[in-house]
Amino acid sequence: MDCRAGCGACCIAPSISSPIPGMPQGKPAGVRCVQLDNANRCRLFGRPERPAVCASLRPEPAMCGDDRDHAMRWLTRLEAATR
């Protein structure tokens with residue numbers, strides 16, 4: 001499965017505890033990653049400075065669902081369950 005164009009849910013909903021270029025302390029849940037462009041594409045995709053945690057999160061039907069709203073809800077619930 002490929003990422004949904006314009007989604008960006010995995011770069012907004014979850015917290016990321018590892019450093020991200022431009023966000024050396026990581027990012028809290030619900031905060032937009034500074035590496036997302038205006039079209040919700042990761043500027044670091046495929047680059048060595050992309051955090052391993054980001055590269056390990058892969059799109060899958062249960063997470064992504066039929067639309068961005070589903071992905072945001074799913075990832076927000078996962079974040080809450082893993083605090």
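Residues numbered from 1 in each chain as written. Predicted model: local features only at pLDDT ≥ 70, side-chain atom pairs only at ≥ 80, totals over all residues. Heavy atoms only, no water.

**Description of the overall build of the chain**
When helices and strands are tallied, the chain shows three helices and zero strands. Going from N to C terminus, the chain has its helices and strands arranged as α-α-α. Across the 83 residues that make up the chain, the buried fraction comes to 33%. Across the chain, contacts joining residues at least 24 apart in sequence account for 42% of those joining residues at least 6 apart. In the form shown here, the chain has an accessible surface area of approximately 5400 Å², with 55% of it arising from carbon and sulfur atoms. A distance of 5 Å separates the average location of the 12 positive side-chain charges in the chain from that of its 8 negative side-chain charges. (Helix = DSSP H or I, 4+ residues; strand = E, 2+ residues; numbered from the N terminus. Buried < 20%, exposed > 50% of the residue type's maximum accessible area, 1.4 Å probe, protein only. Contact = heavy atoms within 4.5 Å. Areas by Shrake-Rupley, 256 points an atom, 1.4 Å probe, with all protein chains shown as cover. Lys, Arg positive; Asp, Glu negative; His and termini not counted. Charge placed at Lys NZ, Arg CZ, Asp CG, Glu CD.)

**Section: the nonpolar core**
In terms of nonpolar packing, the biggest core is built from 16 residues, with Ala9, Ile20, Cys33, Met72 and Leu75 touching the most fellow members. At the level of elements, helix 2 (61-64) and helix 3 (68-81) are the ones that each hand at least two residues to this core. Among all residues touching Leu75, those that are not within four sequence positions of it are Ala9, Cys10, Ala13 and Met63. (Core = buried A, V, L, I, M, F, W, Y, C linked by side-chain atoms within 4.5 Å.)

**Digging into the pattern of salt bridges**
Under the criterion given, the structure shown has two salt bridges. Here Glu49 ties to Arg47 by a salt bridge, and the two come within 2.8 Å at their closest N and O atoms. (Salt bridge = Lys/Arg side-chain N within 4 Å of Asp/Glu carboxyl O.)

**A short note on the confidence of the model for the chain**
With 100% of its residues at a pLDDT of 70 or more, the chain shows a mean pLDDT of 94. Mean pLDDT across the elements of the chain ranges from a minimum in helix 1 (residues 52-56), with 90, to a maximum in helix 2, with 96. (pLDDT = per-residue confidence, 0-100.)

**Quick word on the environment of Pro51**
With respect to the secondary-structure elements, Pro51 resides in the segment before helix 1. A residue is classified by how much of its surface remains accessible, and Pro51, at 7% relative accessible area, is buried. Spatially, the C-alpha atoms of Pro51 and Thr82 are 19 Å apart, while their sequence positions differ by 31 residues. Not counting residues up to four positions away in its chain, the partners in contact with Pro51 are Ser18, Pro19, Ile20 and Leu44.

**Quick look at unusual backbone geometry**
Negative phi characterises most residues that are not glycine, and trans characterises most peptide bonds. Positive phi is not limited to glycine here, since Asn40 has a value of about 60°. Take Asn40: it is sitting in the segment before helix 1.

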